[in-house]
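Examination of the molecular architecture
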Amino acid sequence: MEENNRLEQKIAGILNDARASYATHNRKLKELSLLRSKSSSLSLFFSAFSKTLTPLFDFQRRLAPAERTVAFVSAFAAARDPAADSDEFLDLFLRFLLLAAPSANKTARFRACQIVSEIILLLPDDAEVSNDVWDEVIECMKLRVRDKIPGVRAFAIRALSRFVNDTANSDILDLFLEQLALEQNADVRKMIVLSLPPSTATSQVIIDCTLDVSESVRKAAYCVLANKFPLQSLSIKLRTVILQRGLADRSVAISKECFKLLRDEWLTKCCNGDPLELLKFLDVETYESVGETVMQTLLKADLVKLQNGASIQQYISSGDAEDGNSMHCAPSIQLIEAEASLYWRTVCQHLQSEAHAKGSDAAATMGTEAEVYAAEASDKNDLLEKILPATVDDYIDLVRAHINAGSIHRFTCRQLLLLGAMFNYSDATNRKSASAFLQELLHKPPEHEIDNEGNVVVIGDGLSFGGDNDWAQAVARLARKVHAALGEFEEVVLAIIEELAQPCRERTADYVQWMHCLSLIGLLLRHAKSMRLLQGKAIEPDELLQSLLLAGAKHAHLDVQRIAVRCLGLFGLLERKPRAELLKQLRISYIKGPHQISVEACKALIDLGMWHGPQEVDRVLNPHISSKITSEKRSFSPVNFSDLERDLDVDTLDLLFGGFENDDWADSLTGNEDECVHAVLGEGFAKILLLSDNYPSISPSLHPVILSKLIYLYFRDVSDHLQRLKQCLSVFFEHYPCLCANHKASISCISKAFIPVMRSMWPGIYGNSGGSSFMVSQMRKRAVQASRFMLQMMQVPLYVKETQPESENGSTEMPQIIDRCSEVPFDCGEEGLALRIAIEVTSFHSKKTAAEKSYVSALCRILALLQFRLSEQGPIKLMRRLLSRTVECVSTEKDLVKELNRLAEHLMTADRQPDQEFLQDEVNLILGKLEIDFNLDLDGSVAMPQTPAAASTRTRVSRRRVRIEDDDSDEYSPAFAVPATQQTVRSRSQRASKTVAMSKMSATRSVRIDEIEEQEEEDDSDVTSEDSDEY
């Protein structure tokens, strides 16, 4: 006994010294090992050691002394000492920890898992531990992975991380992947990500974590990708996804972590610091934007070092071609690879922008500083001249060689075309050569091929010049640079169009000729500055419209119709006032055309309506339209798409909004999953609503109707595959309530749209279709989600634009947040929404269907979340009268009645004059502002109805069964058990004593039994909820 006490005192002293500082750990480890070796028996030493360590399992807070003690104990258990029985001690200690791991005490479970994880990570590979112990440790940690305490789960995952690579424990990886998908705590998700091994099964999961909402999880994902996944082990798709997300992450810490991965691992280790080699791993032809972002990032970090003599001029030799040149290219031209073309294009653009910036700085300063900036700008320009071809003729020969080499070099050719804007064409010779080269490019017909059925098929998107929008932009930029004089670009292009249009006007042109001519017209209309510059040229705008665009819109071939409709929209944007024949053709194409034609016509009509204004567009077709009638509209007029003649006379917005009723237009196009008429309409109306101040002719009463349709479109299941629409609407909903210029109007719009949205989405009411029980459940979930989403939109803070300059330290202040409650009247705020919901609920009859009951219940749950301002006494009095009738509609749902009763108590407290009479005129005034017709009985009581007590379901009260609770902490021997905290033990002993006492009570004390049961339930809730958020 004396030896045991002496051991406990010495061990306690060592642990006290170890918890003071990490610097003493090595010395104290030797002392504790020596004490273990000199003890008479290992069991005696372990008994003293475990007894001394027990208070650590009751200490909840993660303070530094406790953490140092854990580290010291773990290092001692994991240390190898052949002279002592270290392996046997490790077995005993692990079994001791396994007894504490399933304890009911959360602190004991936490400390046990923490020490186990530390020991496992510190153990050397040659440690001798029995297989039975390891199996018990693994099984115990698997159970703790699903613990209710996040800290316990995190350390259990950390402990299992060393076994996840073992083939015998493959179920651990499955457990990690399953838990990662369900885990709500960010720290636990981070631990799982750090514990995942590198494999094909985990690479996609880790990359998916780069989109996690938690910054720490995203950062951990990039750390794992950098340390465990070499560049060659990832597919091209995964490499580009990693860089695309990481370099553009909203968090600076995440973008720095991704840049660290790019610089240290991929560029330095895998590519020897050569950016050109790195681009070869990214497939820049498919993922050009990613390659461009990588190059811009490396250039800004000054990680691109140009080798001596390296330039584009090295691909242009003065003599005959050497071996390996293509038979299609000129003898003096060496073809450039795709990666090299992107590399040199980004380098040249960077040098040009740097030279321009330094030149601007030199112009803005004076003296020596200006000379320094000017010298730096001159150096950048000199380096740029050394890289670019020596002359314009050499540049043209280089581009022409790649064009002649075939479509396989089209990417390189486009990169070279973008370089053309860096040359100086002020010299007449250079301009003449470049102009002749442009004539070749513009006269070149689109690439086409013959399919198996003998039909001619144009390669490309069928809309842009050259079949590719990027190619068209590159050609237009070069043409604009060469023909920079005012009107010269339009004159040159129209002259070529005149030549190409001759067979089209004579109706002798084939499908490819029509496509070539119309694509060039689209290029001109997109880059022309005004319609005035098109007049007086080779072909007049009227002839362009009548002979080509309108004729093309009526062509038999759908691809010709599609590009002609696109050009009609561009033509209308250039005009000061759109023409009637143009608008009629667009409406015909929108109503009667195939889906792909309707999409283009819909885009054109929306663009024209937003550019010229909806009322101006309607006046072109109907000059006698009244602006007063338009501004007073409260709903969109129904459209009959089968009556073509009538629909040509309806308003543009009515025609567009009626497109939502066509269910066939909800399906996406075959070649583009994000394109359909509903997606175009949703995006267009979102822009109109966001910029509503620019369209005063649109009645404000139509705004809630538009918003209701957008919310319905966003939450319906059919829109799940329209990713572009979902992204567009999510951005719109985020900015509409907080950044709208007319904040009052936007909040009022949300309040007015709430009830119509719920009516349209809830199944089984107001004529809405239902379906199977599963479908009805899903539809109700979406409607509830939409209701909470609208409530969140109303409660977001209002942001104002920052008008103050930067602060002295150079940082710009965040936008100021204004309390919306002090800005909006009651009919636009939460009070108005609460009154609308209450009136909607009370409008239902006493006998309701199952759909109506669920609908009313969902509305009341939103009602309980709304708040009233003390300044709005009228709405408060009205709500108190409505709330008593509202509670009667949901009297069967006790939890909901409790929430509404709390709201009623709050309103009663907020009512400053509860005894004052509420007049009918005041009610009519409030309802008039809400634009609601409702008859309220003012003679009714304001008091809340009493909910009847539920009948007891107990049949026998004379005898009570003793409840036996299973507790894992009782399954192990108390010899090595870690004692629970006093609070937990006291709670359990009280419950046990109550059970014994009540089992002996007579049947005449039944009333007391009910009271004791209620108290027992409260105790249970306290016990089960005490493990809340300590870790």
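Residues numbered from 1 in each chain as written. Predicted model: local features only at pLDDT ≥ 70, side-chain atom pairs only at ≥ 80, totals over all residues. Heavy atoms only, no water.

Attention shifts here to the overall build of the chain. Counting its secondary structure elements, the chain contains 44 helices and four strands. Here the chain holds 1031 residues, and 49% of them are scored as buried. Intrachain contacts of the chain at a sequence separation of at least 6 include 72% that bridge at least 24 residues. In the form shown here, the chain has an accessible surface area of approximately 51000 Å², with 49% of it arising from carbon and sulfur atoms. (Helix = DSSP H or I, 4+ residues; strand = E, 2+ residues; numbered from the N terminus. Buried < 20%, exposed > 50% of the residue type's maximum accessible area, 1.4 Å probe, protein only. Contact = heavy atoms within 4.5 Å. Areas by Shrake-Rupley, 256 points an atom, 1.4 Å probe, with all protein chains shown as cover.)

With a phi angle near 60 degrees, arginine 507 is a residue other than glycine that sits in the positive phi range. Topologically, arginine 507 is positioned in the loop between helix H23 (488-505) and helix H24 (511-527). Located in the positive-phi region is glutamate 931, a residue other than glycine, with phi close to 60 degrees. Mapping glutamate 931 onto the fold places it in the loop between helix H42 (920-930) and helix H43 (982-999). With a relative accessible area of 49%, glutamate 931 lands in the partly exposed category.

Here we take up the packing of helix H27 (residues 580-592) against helix H29 (residues 614-621). Where H27 meets H29, the closest approach of the two axes is 9 Å, and the angle between their N-to-C directions is 100 degrees. As judged from the angle between their axes, H27 and H29 are roughly perpendicular. Residues Ala580, Leu583, Lys584 and Arg587 of H27 form the contact with H29, whose own contacting residues are Val617, Asp618, Val620 and Leu621. Partitioning the contact of H27 with H29 into residue classes produces five nonpolar, no polar and three charged. (Axes fitted to C-alpha atoms, helices over the stretch in contact; angles between N-to-C directions. Parallel < 35°, antiparallel > 145°, perpendicular 65-115°, else oblique. Nonpolar A, V, L, I, M, F, W, Y, C, P; charged D, E, K, R; others polar.)

Glancing now at the side chain of threonine 886. In this structure, threonine 886 sits in helix H40 (residues 873-889). Side-chain polar atoms of threonine 886 contact the backbone oxygen of leucine 882, separated by 2.8 Å. Ignoring anything within four residues of it in the chain, the contact list for threonine 886 reads Ala838, Val841, Thr842, Cys860, Leu863 and Leu900. (Polar contact = N/O pair within 3.5 Å; in protein donor to acceptor, adjacent residues only side chain to side chain.)

This paragraph deals with the pattern of salt bridges. Counted by the stated rule, this structure contains 52 salt bridges. Residue glutamate 288 is joined to arginine 345 by a salt bridge in which the shortest nitrogen-to-oxygen separation is 3.2 Å. Taken as a pair, glutamate 288 in helix H16 (residues 288-300) and arginine 345 in helix H17 (residues 338-364) lie far apart in primary sequence, 57 residues in all. Judged on exposure class, the residue glutamate 288 and its partner arginine 345 are both buried. Residue arginine 759 is joined to glutamate 840 by a salt bridge in which the shortest nitrogen-to-oxygen separation is 2.5 Å. Remark: glutamate 840 occurs in helix H38 (residues 830-842) and arginine 759 occurs in helix H36 (residues 743-761); sequence separation between them is 81 residues. Using a relative accessible area of 32% as the deciding quantity, one classes arginine 759 as partly exposed. It is possible to trace a salt-bridge network through shared partners that takes in Asp17, Arg27, Lys28 and Glu31. (Salt bridge = Lys/Arg side-chain N within 4 Å of Asp/Glu carboxyl O.)

Across all of its chains, the model carries 34 aromatic pairs by this definition. Plain terms: the ring middles of tyrosine 395 and phenylalanine 423 are 4.9 Å apart, the flat faces sit at 40 degrees to each other, and that makes the pair tilted. Separated by 28 residues along the polypeptide, tyrosine 395 in helix H19 (residues 392-404) and phenylalanine 423 in the loop between helix H20 (410-419) and helix H21 (428-443) bring together distant segments of the chain. Across the pair, phenylalanine 423 and tyrosine 395 agree in class, each one buried. Ring centres 6.5 Å apart and planes at 70 degrees place the aromatic pair tyrosine 766 and phenylalanine 844 in the edge-to-face group. (Phe/Tyr/Trp six-rings, centres within 6.5 Å; stacked < 30°, edge-to-face > 60°.)

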